[in-house]
Amino acid sequence: MFGRPGLSSLMQAAELGSFDVLIAEAPDRISRDIADLAHIHKTLRFRQVEMNCVNGGALDTVQIGMYGVVGQMQREEGAKKVKRGMVGVVRSGRNPGGKAYGYRPVLGKKGELEIVEDEAATVRRIFELYSTGFAPRTIAATLNAEGIPAPRGLRWNGSTINGNGQRGNGILRNPIYAGKLIWNRVHMVKDPSTGRRISRVNPESEYEEIDAQHLRVVDQSLFDAVQARKEATGGPRPRDVPKSKRLLSGLLRCGCCGGGMALIGVDRSGPRIQCSTYRESRSCTNGARYYIEKLERQVLDSLRIQFADTAIIDEYVKAYREERRKIEAEARRNRSATEKGLADAKAGITRIVERIAKGLIDDDEAAALLQPLRQERDRLERDLAASEAPSNVIELHPQAVKRFRENVEQLADIVATKTGTVDVGAASAFRQLVAAVIVHPRQKGDPYTIQIKGYLSSLIDSTLSAKSLVAEEGFEPPTQGL
Ligand SMILES: [Zn+2]
């Protein structure tokens, strides 16, 4: 919802009660994010604004849930497509975005770079100074003193040269100077609480690398000498980034503050995680440490119990359709009540007109009596016309059901291997089902209490708050969610 001024002013207008019905071409024009769509629907319902779709009629909560799931899937698919396109650019030896110091785009050849010779000379000097023992900060001060322009017109500083270990974005770490293009080092995600886009580091296994010797400005022995000195001087190094993706990477949340959980090291029983907020600022009180492998086993065990049989999906679908039928039956009941009200209003009008004709009441009196009845008649006629629109019931999208089933089947494979590290396909299947794993605070010696927040439950959860699944209980039976 953030960063969409049109939507913001729409929501403001809704607050002010400026309209009664919202008509959209399709729900995904309002939002493709499940949480946003649900929030908008909830807010509008509270303001008694009806959400309508051009081809779907009025939308109820279950439909919103369904559209949300399908919309989110499409959006994630769209992001993957963009990424695939970029991978193609790297494979063909062009530059997928961002301009490194020392290069400029070749005019008329989109994505291609060429060396800017005086900048390249500065790069070589930086590598030489560093390899002979100068600190990045000293090098920066030297360049500033000489008035050499820094990248993006700023002043040189230590981090321009040294960069950040994980991101590998400093000059000394940039493999482009050794004639290598790397892409997919970071990916952008939208922070749901601020709507701002922030970058996250990808595992090294997802990097795309290609030889581009025409872009080399530092010879290999100097480049290697610099990397060797960087390793010797410590600090996080790119090769420390784990190669294999852990099943729960990025999904773990602190039950106390809602923040992420980060690996803090390994002891005899394995790697452990802790609340990042606690570690960084102590502004969270949850200082407990958890063995990541134990958490992974617990999550997989509870999902295995839940999805022992993919027939459970049929249960969900069945429950969804029953709910739909219930809503339609209610609509039919409402319709007959409306028809009766309309007949009453019309009869009332007829009676008053007859009394006017017989001279029993005067015009002023008649007008006062007629006006509310006419309003009532018009309102009921409008209601009836709206409900007469062809019942275009949105069925569960067969494609969505199919994908859920496939994801659940892949999940069975992860469960069978019972390890924390998984291949990319299985990990993404897992991520289609599990939105977050919340780890609750604990005292030393207490068992781990976790909650699994699943996407599947939002298919049928009529309140649409991501239903939490307590590990010991697994997903609740579908009928309880309705
Ligand atoms: Zn915390």
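The name given to the chain in an unreviewed UniProt entry is Putative site-specific DNA recombinase, and the organism recorded there is Rhizobium mesoamericanum STM3625.

Peer 1: Looking at this structure, I do not really get the environment of Ile-264. What am I missing?
Peer 2: Relative to the assigned elements, Ile-264 resides in strand β11 (residues 261-267). Spatially, the C-alpha atoms of Ile-264 and Cys-275 are 9.4 Å apart, while their sequence positions differ by eleven residues. Apart from residues lying up to four places away in sequence, Ile-264 is in contact with Arg-272, Ile-273, Gln-274, Arg-279 and Arg-289.

Peer 1: I'm lost on helix α8 (residues 220-232) in this one. Help?
Peer 2: Every α-helix carries 3.6 residues per turn, so stepping three or four residues along brings you back to the same face. An ideal rise of 1.5 Å per residue puts 18 Å on 13 residues; α8 measures up with 18 Å between its terminal C-alpha atoms. Along α8, the residues classified as buried are Leu-222, Phe-223, Val-226 and Lys-230. Along the axis of α8, the buried positions cluster into a sector of 100°, meaning they face one direction only. Exposed positions of α8 whose direction lies more than 90 degrees from the buried face are Ser-221 and Ala-232. In this structure, the buried side of α8 is in contact with α5 (117-131) and α7 (158-162).

Peer 1: What exactly am I supposed to notice about the pairing of β11 here?
Peer 2: Here is the key point about a regular strand: its side chains alternate between the two faces of the sheet. Relative to strand β12 (residues 270-275), β11 runs antiparallel, the two being bridged by six bridges. By the bridge assignment for β12, Asp-267 is matched with Gly-270. As consecutive antiparallel partners, β11 and β12 are separated by two residues.

Peer 1: Would you mind going over a negative patch on the surface with me for this structure?
Peer 2: A surface patch of negative charge is lined by Asp-362, Asp-363, Asp-364 and Glu-365. Inspection of the secondary structure puts Asp-364 in helix α12 (residues 363-388).

Peer 1: How do you make sense of a positive patch on the surface when you look at a structure like this?
Peer 2: Where like charges cluster on the molecular surface, the positive patch consists of Arg-279, Arg-282, Arg-289 and Lys-444. Take Arg-289: it is sitting in strand β13 (residues 289-291). In this structure Arg-289 comes out as partly exposed when scored by relative accessible area, which is 39%.

Peer 1: What's the story with the coordination of the zinc ion in this structure? I'm lost.
Peer 2: Angles at a metal have ideal values that depend on geometry: 109.5 degrees with four tetrahedral donors, 90 or 180 degrees with six octahedral donors. Surrounding the zinc ion are the protein donor atoms Cys-254 (SG), Cys-257 (SG), Cys-275 (SG) and Cys-284 (SG), at 2.2 to 2.4 Å. Seen from the zinc ion, its four donor atoms lie at angles of 100 to 116°, and the figure they make is tetrahedral. All donor residues of the zinc ion come from one chain, and their arrangement in sequence is C-x2-C-x17-C-x8-C. Highlighted residues: Cys-254 in strand β10 (residues 252-254) and Cys-275 in strand β12, separated in sequence by 21 residues.

Peer 1: Is there a simple way to think about the sheet that holds β11 in this case?
Peer 2: Each strand in a sheet pairs with its neighbour through backbone hydrogen bonds, running either in the same direction (parallel) or in the opposite one (antiparallel). Here we have three strands laid out as an open sheet, ordered β11-β12-β13, and antiparallel in their pairing. The outermost strands of the open sheet, each flanked by one partner alone, are β11 and β13. Going across the sheet, the axis of each strand differs from the next one's by a mean of 35°, ignoring polarity. Summarising the sheet, β12 and β13 pair through three bridges and their orientation is antiparallel. In the strand pairing of β13, Ile-273 is matched with Tyr-290.

Peer 1: Whenever I open this one, the packing of α5 against helix α6 (residues 136-145) confuses me. Can you help?
Peer 2: Two measures define how a pair of helices packs: the angle their axes make with one another and the distance between the axes. Between α5 and α6, whose axes approach to 10 Å, the crossing angle comes to 140°. Judged by the angle between their axes, α5 and α6 are oblique. Both α5 and α6 take part in a crossing whose hand is right-handed. Of α6, the residues touching α5 (which contributes Thr-122, Arg-125, Ile-126, Leu-129 and Tyr-130) are Pro-136, Ile-139, Thr-142 and Leu-143. By residue class, the composition of the contact of α5 with α6 is six nonpolar, two polar and one charged.

Peer 1: Mind showing me how you'd approach the side chain of Lys-230 here?
Peer 2: Secondary-structure assignment places Lys-230 in helix α8. Beyond its immediate sequence surroundings of up to four residues, Lys-230 is in contact with Tyr-130, Asn-162, Leu-172 and Arg-173.

Peer 1: I keep staring at the packing of aromatic side chains and nothing clicks. Help me out?
Peer 2: Centre distance and the angle of the planes are the two values used to describe a pair of aromatic rings. Throughout the structure, instances matching the rule amount to five aromatic pairs. Measuring from centroid to centroid gives 5.2 Å for Tyr-101 and Trp-156, while their planes differ by 85°, and the two rings are edge-to-face. Pair noted here: Tyr-101 is in the loop between α4 (61-91) and β4 (103-105) and Trp-156 is in the loop between α6 and α7, with a separation of 55 residues, a long-range link. Side by side, Tyr-101 and Trp-156 carry an identical accessibility label, which is buried. Ring geometry for Tyr-290 against Tyr-448: centres 5.4 Å apart, planes inclined by 75°, an arrangement best described as edge-to-face. Taken together, the residues span a long stretch of sequence, with Tyr-290 in strand β13 and Tyr-448 in the loop between β14 (434-439) and β15 (450-454) at a distance of 158 residues.

Each value, and the rule that gives it
Residues numbered from 1 in each chain as written. Predicted model: local features only at pLDDT ≥ 70, side-chain atom pairs only at ≥ 80, totals over all residues. Heavy atoms only, no water. Helix = DSSP H or I, 4+ residues; strand = E, 2+ residues; numbered from the N terminus. Contact = heavy atoms within 4.5 Å. Expected span 1.5 Å × (residues − 1). Buried < 20%, exposed > 50% of the residue type's maximum accessible area, 1.4 Å probe, protein only. Arc of directions from axis to C-beta. Pairing = 2+ DSSP bridges. Patch = residues over 30% accessible without salt bridge, like charges linked within 9 Å, V, L, I, M, F, W, Y side chains within 5 Å. Areas by Shrake-Rupley, 256 points an atom, 1.4 Å probe, with all protein chains shown as cover. Salt bridge = Lys/Arg side-chain N within 4 Å of Asp/Glu carboxyl O. Lys, Arg positive; Asp, Glu negative; His and termini not counted. Charge placed at Lys NZ, Arg CZ, Asp CG, Glu CD. Donors = N, O, S within 2.8 Å, 3.2 Å for Na, K, Ca; no water. Tetrahedral: all angles 85-135°; square planar, octahedral: opposite > 155°, others 65-115°. Axes fitted to C-alpha atoms, helices over the stretch in contact; angles between N-to-C directions. Parallel < 35°, antiparallel > 145°, perpendicular 65-115°, else oblique. Left-handed = near helix turned anticlockwise from the far one by under 90°. Nonpolar A, V, L, I, M, F, W, Y, C, P; charged D, E, K, R; others polar. Phe/Tyr/Trp six-rings, centres within 6.5 Å; stacked < 30°, edge-to-face > 60°.

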